[in-house]
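Structure assessment
Given next are the chains, with one letter for each unit.
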Amino acid sequence: MSSESTLPVSKPHGPLGPIAVSLSGGGYRAAAFHLGTLRFLHEVELLPDVVGLSTVSGGTLTGLAWVVSQIDGKPFPVFHDAWSAYLKRTNVIGEALDVLTSDREPMSHNWASLIRSAADVYAHPDLFGDRRFSEVLGANGLQLQEAIFNTTEFHTALDFRFRRSNNPAALLGNVNYKLPRPVAQHVRLADIAAASSCFPGGFEPLVFPQQFHWPRDYPLSAALGELGPGFNGGLPLMDGGIYDNQGVDSLVLAFGESQNPPTLLISDVSTQDDEMYNVPENPTRRGWLTLNGASWLGWALFLLTLVCAGVLTWCGFEEVRAGTFEPSDFFLYLIPGLLTASVAASLVWVHRRLRDVKALIQKQLDMDAWPSFLKLTVAELIQMVVLRGTSLLALTSSVFMKRVRGLVYNRVYETPAFKDRRMSNLIYSLTVNRPKLFSEHPWLQPGPHLVALAQQACQMPTTLWFTDEAQYNNLESAGQATVCFTLLRHIIDHRKGQYESPGQPLYDLFQKLRQAWQGFNQESRQPEAQRTVVAA
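In this text, all values refer to a predicted model and were calculated from it rather than measured experimentally.

Turning our attention to the packing of helix 1 (residues 27–43) against helix 2 (residues 58–71). Interhelical geometry of helix 1 versus helix 2 gives an angle of 40° and a closest axis separation of 6 Å. Relative to helix 2, the element helix 1 lies oblique. The hand of the helix 1/helix 2 crossing is right-handed. From helix 1, G27, Y28, A30, A31, H34, L35 and L38 reach across to helix 2, where they touch G58, G59, L61, T62 and W66.

Time to look at the confidence of the model for the chain. Residues at a pLDDT of 70 or more form 92% of the chain, whose mean pLDDT is 88. Considering only residues more than four positions removed or in separate chains, one finds that residues 5–9, a stretch of pLDDT under 50, has 19 contacts. Here residues 524–536 is modelled with pLDDT under 50, and outside its nearest four sequence neighbours on either side it reaches 25 contacts, counting other chains as well.

Take the UniProt feature "active site" (unreviewed entry) in the chain next. According to UniProt, the positions carrying the feature "active site" (unreviewed entry) are S57 and D239. The greatest C-alpha distance among the annotated residues, which extend across 183 residues, is 6.0 Å, indicating that they converge on a single site. By the element assignment, S57 lies in the loop between strand 2 (50–56) and helix 2. The class for S57 is buried, based on a relative accessible area of 4%. When near neighbours in sequence (up to four residues on either side) are disregarded, S57 contacts G25, G26, S196, S197 and D239. Position of D239 among the secondary structure elements: in strand 6 (residues 235–239). D239 has contacts with V56, S57, T151, T152, A195, S196, S197, C198, F199 and P200, leaving out every residue within four places of it along the chain.

Throughout the structure, instances matching the rule amount to 18 salt bridges. Close ionic contact of D249 with R161 constitutes a salt bridge, the shortest N to O distance being 3.2 Å. Within this pair, whereas D249 is found in helix 11 (residues 248–255), its partner R161 is found in strand 4 (residues 158–165), the two being separated by 88 residues in sequence. One salt bridge connects R321 with E318, and the closest N-O pair in it is separated by 2.8 Å. Taken as a pair, R321 and E318 lie in helix 12 (residues 291–322) at a separation of three residues, close to a single helical turn. Residues joined in a network through salt bridges with shared partners are D159, R161, D249 and R411.

Rules behind the numbers
- Residues numbered from 1 in each chain as written.
- Predicted model: local features only at pLDDT ≥ 70, side-chain atom pairs only at ≥ 80, totals over all residues.
- Heavy atoms only, no water.
- Axes fitted to C-alpha atoms, helices over the stretch in contact; angles between N-to-C directions.
- Helix = DSSP H or I, 4+ residues; strand = E, 2+ residues; numbered from the N terminus.
- Parallel < 35°, antiparallel > 145°, perpendicular 65-115°, else oblique.
- Left-handed = near helix turned anticlockwise from the far one by under 90°.
- Contact = heavy atoms within 4.5 Å.
- pLDDT = per-residue confidence, 0-100.
- UniProt positions renumbered as here; feature names shortened; annotations may be inferred.
- Buried < 20%, exposed > 50% of the residue type's maximum accessible area, 1.4 Å probe, protein only.
- Salt bridge = Lys/Arg side-chain N within 4 Å of Asp/Glu carboxyl O.

Here is the structure:
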């Protein structure tokens, strides 16, 4: 996607100037942590300075909900209370499974889709309802110059952006699949949330525009007519985290060429994994039954079922011919005969499928590997399949994500416009030992309870539900404490000479942050007290 620049910031901003926030993916772990981040920014009066927002997956849930609350004119505390209550009570997967197979005729082409069911959960009245992207595109008075909700399209492996921008030349979609505004304005917000949080393994792709929900006055046919032939086969969309789980790339494109770009605040719940993948233990014994032996047993079972079916049929026929057949004999001859015949038919089907697999392997390898496979024991084959499946899952969910994350961060740190204008609000920041920083500023070192809080936050899996309210409370508290720490580090490292003495531009903010940090760092404080900033 080509570089784009947003119109310059015109309104006056606070001591840090304009801020652009990216909210990473990570399911409810991300949604709650980012909510804590936004809450703290509100409490130290930095939230009105946010002019850019880019979100991914779980970050999109919180980010999009916050944007909608701005459109509705709700104060941040009202939004916070409503959104936190939603996260605590809503199990997206559980509710999606409840309606997975509803409203489908047996002969229809409407196949079961967990991601479409999740979109319908997001479309409940207590979240987005039937609201459309037109409300975001045409919002007046929205503080955000850029609001970007990221997905990944699987045709050309690029980010596909649902974007609201003050820049009239801003591109929606991407360079290969442009999304015209007349179509974008009819897209349901719930579908955007679902597409952005459609992580591989948990969901199937959400196909645009065919599987999106269109209003009656603008049906799918109208959308396809506007989009053009490139979309006729459907564009598979999945989690934006596949392309960039931090959502930073969109902000670099939007602001990277501005003369006075905003300061980037990258709120990231990616965890540190020392061991992304461990090889499952092999069975204690490899066993004696080989695939070749299993094949011969299959043939023996097939012949045995044929003989049984034949004997049952003959005996039943004899009973009929002798005139002694009674209704109870259905269970003695007919039903057992049908069952044995079904087993024989199933064995034939399995044999044909294995023959197809053999042909496929031979075609792919250009050799006949089947004789070698037949020497494997059944336990060995199962273990080979398990190793390939688990390692492939680790590759896509951890190894690739870590590599992409590194590339994205490198781009941010290599972009001159953002020199001294970037903050990484990492979920594990409070667990990292920084001897030089803490020796110079011992008051900044997190206490053991904050380290434990961050560790607990990192242990929250990537789910779309909370098993108890404590999980939510830990994550939101961690988000608040971490962003306070991040802001203090940024000022100390990059704003020297601007905060040390009264009258300097960052002095008041620094004092407010330091007072808040002192409160977070007092182990005796209760969680709710930790989530409240004392005014300076």
